[in-house]
Amino acid sequence: MKNQAVPYLSFNGNAKDALNFYKDVFNGEITEIQTFGEADFPTPPEADNRVMHAKIKKGNLFLMVSDSFPGHEIAEGNNISLVLEAESEEEIQNLYDNLSQNGSVLMELQDTFWGAKYGKVKDPFGISWDLNYQKA
C-alpha cells in the first residue's frame, strides 16, 4: 500500500461547512474540492452543489471529505470510512476479496471516471473501507 489508511468523513449536505471548520481547527489547507455538478458523473440537479470529494491537509494530517448522494443519507456511526491506496490491480483485488469475505460489498470493484479502480466494502466487523488504485 502507498500510505497509511486515510479517514474519509461523510456528511448530509454540509461538507463545505465541515471542511472550513476542520481547516480552522487544524490550521490546515483545503487542497482539493469537487462538487457532484463538476464531475463527469450523472447526478440530479439537487446534488450539483454537494461535495463529491475534497481533501484537507496539515503536515501529516490528511482527511478526505464528501457529502452523501441524495437519497443515501448519512447517520452517526456510518459517517466515516478508511481509504486504502493500492499499488497494483492485484493488490486492490486481494484487499477487496479479503475485506469483503464474510462482510459485504457496498460498491463493486470497478473502473471509474477519475482513472482508478475503486470499490467499497464493509468488513465482518462493520468497518467500511474505500479501496482505490490510481492507474498510471
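Above this text you will find the structure in question.
Residues numbered from 1 in each chain as written. Predicted model: local features only at pLDDT ≥ 70, side-chain atom pairs only at ≥ 80, totals over all residues. Heavy atoms only, no water.

### Notes on the sheet that holds strand S8 (residues 128-134)
Spatial strand order, S2-S3-S4-S1-S5-S8-S7-S6: eight strands in an open sheet with mixed pairing. A single partner strand is all that each edge strand has here, and the edge strands are strand S2 (29-35) and strand S6 (104-111). Taken over all neighbouring pairs, the strand axes of this sheet differ in orientation by 20° on average, direction set aside. Relative to S8, strand S7 (residues 116-122) runs antiparallel, the two sharing seven bridges. Looking across to S8, one finds that Lys 117 is bridged to Tyr 133. (Pairing = 2+ DSSP bridges. Helix = DSSP H or I, 4+ residues; strand = E, 2+ residues; numbered from the N terminus. Axes fitted to C-alpha atoms, helices over the stretch in contact; angles between N-to-C directions.)

### What to know about the pairing of strand S5 (residues 80-85)
One ladder, built from four bridges, connects strand S1 (residues 6-11) with S5; its direction is antiparallel. When the sheet's bridge partners are listed, Pro 7 is paired in S5 with Leu 82.

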